[in-house]
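What the coordinates show
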Amino acid sequence: MAETTAVRIFVLDGRPVHVHSCSGGSSRQSHTWECDSPYCEVMKDDCPDHGGSERVRLGKEPWRGR
Ligand SMILES: [Zn+2]
Ligand SMILES: [Zn+2]
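Please read these numbers as outputs of a predicted model, since none were measured by experiment.

**Focus: the overall build of the chain**
Of the regular secondary structure elements, the chain holds 0 helices and 3 strands. When its helices and strands are written in sequence order, the chain yields β-β-β. Considering only contacts within the chain whose residues lie at least 6 apart along the sequence, 21% involve residues at least 24 apart.

Below is the structure:
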């Protein structure tokens, strides 16, 4: 069995979704945001709106090329 974290994974529109916690960037208004990337390892991560990097989405993996 795989190691699991305390983060609850739920499903939205048939895709697994998890919740990140964003520090809020310069606004310092921390909030959570949902993400459906299957490649996230860190749950405490800024959202793209607050300076975080774009999530790698399924089917758009940069390492696949083309
Ligand atoms: Zn994520
Ligand atoms: Zn944010």
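On we go from here.
**Looking at unusual backbone geometry**
Within the chain, Arg28 stands out as a residue other than glycine whose phi angle is a positive 60°. Secondary-structure assignment places Arg28 in the loop between β2 (15-22) and β3 (31-35).

**A closer look at the confidence of the model for the chain**
Mean pLDDT for the chain: 83, with 83% of residues reaching 70 or above. Taking the mean pLDDT of every element in the chain, the minimum, 71, falls on strand β1 (residues 10-12) and the maximum, 93, on β3.

Cut-off values and rules
Residues numbered from 1 in each chain as written. Chains lettered and ligands numbered in written order. Predicted model: local features only at pLDDT ≥ 70, side-chain atom pairs only at ≥ 80, totals over all residues. Helix = DSSP H or I, 4+ residues; strand = E, 2+ residues; numbered from the N terminus. Contact = placed C-beta atoms within 7 Å. pLDDT = per-residue confidence, 0-100.

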